[in-house]
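Structure assessment
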Amino acid sequence: MRILIVDDNPTNVIIIREILKKEDYRNFITASSAKEMLKLLGIGGEKKGPQQSDIDLILLDMMMPEMDGIEACRVVQQYEHLRDIPIIMVTAVGDSKKLAEALDAGAVDYVTKPINKVELMARIRLALRLKREKDWHKERDQRMQDELKLAALVQNAVLSLPITDEVLEAHAIYQPSAELAGDLYAWYPLGDGRYAVILLDMMGHGISSSLFCMFLASVLKDTVTTYVEPEKVIQELNRRFNQLYIEKQLVQYYFTAIYLVIDTRMKRIDYVNAGHPPALLFEGNAKKPVLLESNCHPVGLFDRIDIQPQSLSFEEEGHLVMYTDGLLEMAPGEQEEQLDFMIGNLNGDHEWREEVMQEAFFTDEADQERDDDKCLVWITLKKGTDKE
């Protein structure tokens, strides 16, 4: 632990140094003014930008020429990387208002002159203990941030890559509200012109939701390729999700999902919408889309899930859009107004235009905090989808 002693009176410096030496504190440096202290902390030097400091505690005289201790304390507090350095004011002033001003300026404690050895060492030990605890928490938080970034990379890696086939294209934009998120999308070619597409939205967001999503991602491909049909896939996901039973769980986790199988040869879409916002099918030149609305409750709420799968046909080229409620909630008003907002931004050309979608739904103000994850999946149904 390194201590910085700041005092314009050499006698006071000698006294404090001797006290520290007798208590086996030998790693200390001194400064004769506040400006010299700031230079030692890397403030106001020739080097630009904040410089890391190895100082763990500052014993700062309150009354000094040019810049007093209170003003110097305020300067230190302007630098985020220096704010955790505890500052103990050393003062001969008994004015309670001045002492309160020093504490308001960022000092953590004070000792009065003439210096009492027992009192000084007690306050130093307390301040250094608090500094060690703060450093430990900062290191732990940094490790957690690093691990979260790695987890986010892993989570992003399981998302499906775009498909650009002769009969179908699949694209997506995903913007989590935090480092980790609770939305998941995937698509799988099934052969013979058939494609399985799923979008799900886990309740909440953050670490718990992302872990549930990673579990689902691990079983999704096997579930889809084994069961294929919408009703069976959703029922199997419900069964697998309910295996994650946590005793005395305070929060009931569940997810909404829309899963569909697109048959480009038969020009048919079979789907299940489990409590998810309605997908929108725009076909040909039609201005109004067909809504693929919810037909069962969300997944994970009950042990069994009753499903009535739905089917619809398409004849012309078109595009199908699936999205999570983070997009729907961008528009004010009730669900009808929100759907009108979505339709207005998604109608038109069937071709995927990522820049247009980014501007419409994913351009936030730099300092705007997002409340929910946002995800959009765009499926283009091409002209080459004629029956054989």
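The sections below set out a description of the structure shown in this document. (Residues numbered from 1 in each chain as written. Predicted model: local features only at pLDDT ≥ 70, side-chain atom pairs only at ≥ 80, totals over all residues. Heavy atoms only, no water.)

**What to know about the overall build of the protein chain**
Stated formally: Runs of H or I in DSSP of at least four residues are treated as helices and runs of E of at least two as strands, each being numbered from the N terminus. As defined in this context, the radius of gyration uses C-alpha atoms, and a globule is described by 2.2 Å times the residue total to the power 0.38. Think of it in three bands: with a 1.4 Å probe and only protein chains considered, a residue is buried below 20% of the maximum accessible area for its type, exposed above 50%, and partly exposed in between. Residues count as neighbours in contact if any of their non-hydrogen atoms are within 4.5 Å of one another. We get accessible surface area from the Shrake-Rupley algorithm with a probe of 1.4 Å; when it comes to residues, only the shown protein chains can shield them. Within this scheme the basic residues Lys and Arg register as positive and the acidic residues Asp and Glu register as negative, but His and the chain ends are omitted. Charge positions are represented by NZ for Lys, CZ for Arg, CG for Asp and CD for Glu.
When you go through the protein chain residue by residue, the secondary structure sums to ten helices and 16 strands. Here the protein chain has a C-alpha radius of gyration of 32 Å; the compact-globule value for 388 residues is 21 Å, and the former is much larger. Expressed along its principal axes, the backbone C-alpha trace of the protein chain runs to roughly 100 × 45 × 35 Å. Scored against the burial criterion, the 388 residues of the protein chain give a buried share of 45%. Partitioning the intrachain contacts of the protein chain with sequence separation of at least 6 by distance along the chain shows that 70% fall at a separation of at least 24. For the protein chain, the computed accessible surface area is about 20700 Å², with 48% contributed by carbon and sulfur atoms. Across the protein chain, the mean location of the 43 positive side-chain charges is 9 Å away from that of the 67 negative side-chain charges.

**Some remarks on the sheet that holds strand β8 (residues 183-191)**
Put simply, the rule reads: Pairs of strands are assigned from DSSP output, requiring at least two bridges between the strands. Angles shown run from 0 to 180 degrees and are taken between the N-to-C directions of axes, each axis being a line fitted to C-alpha atoms and, for helices, limited to the stretch in contact.
Ordered by their spatial adjacency, five strands build an open sheet running β8-β9-β10-β11-β14, and the pairing between neighbours is antiparallel. Looking at which strands have only one partner, the edges of the open sheet turn out to be β8 and β14 (310-313). Taken over all neighbouring pairs, the strand axes of this sheet differ in orientation by 15° on average, direction set aside. Strand direction decides the pairing type here: strand β10 (residues 255-263) and strand β11 (residues 268-274), joined by seven bridges, are antiparallel. Its bridge partner being in β11, Ile262 is matched across the sheet by Ile269. Relative to β8, helix α6 (residues 207-227) is tilted by about 5°, and along the sheet it contacts β8, β9 (194-202) and β10.

**With respect to the nonpolar core**
Inclusion rule: Among buried residues, those of type Ala, Val, Leu, Ile, Met, Phe, Trp, Tyr and Cys that are joined through side-chain atoms within 4.5 Å constitute a nonpolar core.
Grouped together as the largest cluster of nonpolar side chains are 56 residues, with contacts concentrated most on Ile262 and Leu292. What Leu292 contacts, discounting residues up to four positions off in sequence, is Ile258, Leu260, Ile269, Tyr271, Asn273, Pro278, Ala279, Leu281, Leu312 and Leu320. In terms of nonpolar packing, the next biggest core, distinct from the first, is built from 28 residues, Leu4, Val6, Ile58 and Met64 among them.

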